[in-house]
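Each chain, written out:
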Amino acid sequence: MSSSMPLLLPPSPLPTTLFIILVLPLSLLLLRLALRRNLRARTHDMPPSPPKLPFVGNFHQLGSLPHRSLHALSQKHGPLMLLRLGQVPTLVVSSPDGARDVMRNHDQVFASRPALKPAKVLFDGTTDLALAPYGDSWRQLRKICAFHLLSSIRVQSYRLIRQEEVGFMIRKISSQASPTTSVDMSEIFYSFANDILCRVVSGKFNREEGRNVLFREPIREFSVLLGKFYVGDYFPRLGWVDVLFGSMERAKKSKKRWDDLLDGVIQEHEDRSAKGDDDDDDKDFVDVLLSLREDPANHALLTPQTVKALLMDIFSGGTETSYVTLEYAMAELVRSPRVMAKLQHQVRGIASRRKGTVTEEELDEMVYLKAIIKEVLRLYPPAPLLLPRELMEDCQIQGYNIPKKTRVIVNAWAISRDPSHWEAPDEFKPERFMGDGAMDFKGNDFEFIPFGAGRRICPGMSFAIASLELALANLVYHFDWELPGGMTVHILRRGRLGKVVVGIPDKAVLFRRPDQIPLPAKTCNETTYYDFCVSSLGSDPHSRKADVKGLSTIAIDIAISNATNTSSFAADLAHNATDASLVAVLRACATKYANAREALQWSLEALSTEAYDYAFVHVSAAAEYPNVCRVLFRQNPRLAYPAAMARREEDLEHLCTIALEIISLLG
Ligand code: HEM
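Residues numbered from 1 in each chain as written. Predicted model: local features only at pLDDT ≥ 70, side-chain atom pairs only at ≥ 80, totals over all residues. Heavy atoms only, no water.

Topic: empty space enclosed by the protein
Item 1. Throughout the structure, instances matching the rule amount to 4 cavities of 30 Å³ or more.
Item 2. Quantified by volume, the largest cavity comes out at close to 840 Å³.
Item 3. Lining the largest cavity are 41 residues, with G317, T321, L387, C458 and P459 positioned closest to its centre.
Item 4. Contributions of two or more residues to the lining of the largest cavity are made by helix 6 (136-148), helix 10 (211-227), helix 15 (304-335) and helix 20 (461-478).
Item 5. In terms of residues, the lining of the largest cavity owes the most to one element, helix 15, which gives 8 residues.
Item 6. Estimates place the volume of the second largest cavity at around 60 Å³.
Item 7. Around the second largest cavity, the lining residues are F192, A193, I196, L197, G318, S322, F463, A464, S467 and L468. (1 Å grid on protein atoms, 1.4 Å probe; cavity = no way out; pocket = protein on both sides within 12 Å on 5 of 7 lines; lining within 4 Å. Points joined across faces, edges and corners; volume = space filled by probe spheres on them. Helix = DSSP H or I, 4+ residues; strand = E, 2+ residues; numbered from the N terminus.)

Written out as structure tokens, the structure reads:
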């Protein structure tokens, strides 16, 4: 130690004080210069930033529509900008290349979410799925959600629910609209999106119990709370301001409301399961979560708080986004008579009028409808800034150094209106999504990312699209739409930065002209199959004295005996057949006709309680089953479809159509 000391001291003639006076300041100066050079080099590698104000940083540059303000800033400062919002460095990405870097090339390091204040209160310190940091619990929750609720097989299995809810919506509009009144579609669309989710998540939320309505207010409040500005999220030391202004109290109240509702739902499911009342075929998402919780491997993950947080995510993530899309779609269609006429022509042409409704099989052919939904999502992505992300490691993109912990906002709205990628980007032109090579929203075309992309892509995409397509097709199939005299639709959006931001059109109140196909009561005169109707109904002596409801019951009774006989007929054919494939197909046909009979019986029950919408939906379902039999024969070219089966199929379809047309007179 002593031998090294002199090396650190100046050579002997210079006294120590002189060293301190001359050499130390010089060294400090050099060090400062070096640091400044280094800093300049580092900031030089950072994305450009608009000028900031002290303390607030770039906050003052965000208006009430942050996606628009950020878009305007990006046009001046470039597609990658580094803003400082309060004390939070925030990278704003406004180009497809930047989005590709964030959500594909470096997806993993950008896959986390910032810890936001309201989420901490609403989720009670636990993690949900949508706002969870990247990590094991997020991964497992996402797997559970994607597999047990939102996989394409699951989504297909909700078909009947969708069909029923669309039927209900159509009936509701029918009952409210008249040539002289207008209908507030916002409320109707909101209920539609909400009720579908309620039924899928917990079949127990049925309309009769009124549970679905109880959830509407908390869902709305949840979106408002997540969309609010919290001082503490941007100025961590000023978090007390949120307490002072009551924001935290409001979040706590909302949390309590959710707890009361969800605890009740969970308790009911547990009671049902304890009594052994939960049928395996009838399991809803809450049942699934509770049974997964039984597995010791999931104990730590699926705590009661986490289960509730996940349910809150699903309710709120799925409701607002879908209803807003439907609302924008109708608003745009009403504003564009050309597009509306083309869509109605396609939908009405493809959907067989005999069934009185559009079914899911027919949607595949409705390419214009699909293009319209894409175009609506392009112009009005319900989450225009996606959900905020947070960078987990230092990362370099497009030559810029982005430090760890930077918050990241992808401006999907700006990207999907960028004129260098979209011709006439502000115009509503669904045709741009037609034809080979058209873009899709599945996260591969970074010019169009309404559902995000990469690991955090929206898991509810197929769920949402299935409901939207069926709803929109039926809305334009059943009604003609126009605005009350002289009204215009204004399409606005409001929301706040970095949270669940939804678009809310400005009171898009639409007007419906009554459908062109009302049938006069108590007569077959205007049904599609007049002769068949008269001869079938006439075969029942009660028909002479029956009123409209009685006639619909008679039509369904006759359809039931057709379905029952055809089921036995197919079973007999199967019994006598020797070819194994033929036997299998005929047995399947027997089952399908038995299903049809069952659906018709349900429709009778619904009729007896005057639940005409349900009766309608069940008869529509019954009309569908025989198709399956024909398709099975068609899929096996070796097998001939027996002529007697074809005749019976046609009869059943006609009977169902007549029943549907008569039920339409009831509502
Ligand atoms: C038109 C309808 C919808 C749109 C446009 C939409 C859009 C989005 C977007 C942009 C994100 C963030 C993606 C990202 O960070 O890259 C997201 C996340 C999410 N969405 Fe959707 N969504 C829709 C419907 C739904 C539905 C119906 C559900 C559930 C039933 C749902 C559940 C979720 C969940 C749980 C997340 C969080 C995923 C995660 O962080 O891992 N969404 N959605």
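Now that the structure is up, let's keep going.
Quick word on the UniProt feature "binding site: heme" (unreviewed entry) in the chain
Item 1. When the UniProt feature table is mapped onto this chain, "binding site: heme" (unreviewed entry) is found at C458.
Item 2. Residue classification places C458 among the partly exposed residues on the basis of a relative accessible area of 29%.
Item 3. Residues in contact with C458, not counting those within four places in the same chain, are R142 and F451. (UniProt positions renumbered as here; feature names shortened; annotations may be inferred. Buried < 20%, exposed > 50% of the residue type's maximum accessible area, 1.4 Å probe, protein only. Contact = heavy atoms within 4.5 Å.)

Focus: the coordination of the iron atom of the ligand
Item 1. A lone protein donor binds the iron atom of the ligand: C458 (SG), at 2.3 Å.
Item 2. Examined against the element boundaries, C458 turns out to sit in the loop between helix 19 (412-415) and helix 20. (Donors = N, O, S within 2.8 Å, 3.2 Å for Na, K, Ca; no water.)

Remarks on unusual backbone geometry
Backbone geometry follows two general trends: most residues other than glycine have a negative phi, and most peptide bonds adopt the trans configuration.
Item 1. In this structure, L386 is a non-glycine residue whose phi angle is positive, near 50°.
Item 2. Tracing the sequence through the fold places L386 in the loop between helix 18 (367-379) and strand 3 (389-390).
Item 3. For L386, a relative accessible area of 8% translates into the label buried.
Item 4. Of note in this structure, Q398 is not a glycine but carries a positive phi near 50°.
Item 5. Within the fold, Q398 resides in the loop between strand 4 (395-397) and strand 5 (400-402).

As for a nonpolar patch on the surface
Item 1. A grouping of W240, L244 and F245 is seen on the molecular surface, where their side chains present a nonpolar patch of about 430 Å² in accessible area.
Item 2. As for its position among the elements, F245 is in the loop between helix 12 (240-244) and helix 13 (247-274). (Patch = residues over 30% accessible without salt bridge, like charges linked within 9 Å, V, L, I, M, F, W, Y side chains within 5 Å. Areas by Shrake-Rupley, 256 points an atom, 1.4 Å probe, with all protein chains shown as cover. Salt bridge = Lys/Arg side-chain N within 4 Å of Asp/Glu carboxyl O.)

A short note on the site of the ligand
Item 1. Neighbouring the ligand are 27 residues, the closest being R113, R142, R389, R456 and C458.
Item 2. Contacts to the ligand include R389, whose side-chain N or O atom sits 2.6 Å from an oxygen atom.
Item 3. R456 places a polar side-chain atom, nitrogen or oxygen, 2.8 Å from an oxygen atom of the ligand.
Item 4. Given that more than half its atoms are within 2 Å of the pocket grid, the ligand belongs to the largest cavity.
Item 5. Secondary-structure elements contributing two or more residues to the shell around the ligand are helix 6, helix 15 and helix 20. (Near = heavy atom within 4 Å. Polar contact = N/O pair within 3.5 Å; in protein donor to acceptor, adjacent residues only side chain to side chain. Sits in = over half its atoms within 2 Å of the grid points.)

Considering the state of the cysteines
Item 1. Evaluation of the coordinates by the stated rule reveals 1 disulfide.
Item 2. The disulfide that involves C589 links it to C629, with 2.1 Å between the sulfurs. Every disulfide takes its handedness from the sign of the S-S torsion; for C589 and C629 that torsion is 85°, giving right-handed. Placement of C589 in helix 23 (residues 580-608) and of C629 in helix 24 (residues 612-635) is noted, with a sequence separation of 40 residues between them.
Item 3. Owing to a relative accessible area of 0%, C589 belongs among the buried residues under this scheme.
Item 4. Accessibility expressed as a relative area gives 0% for C629, which makes it buried.
Item 5. The cysteine C145 is free of any disulfide, with C458 supplying the nearest cysteine sulfur at 9.6 Å.
Item 6. On the basis of relative accessibility, which here comes to 1%, the residue C145 falls in the buried class. (Disulfide = S-S within 2.5 Å.)

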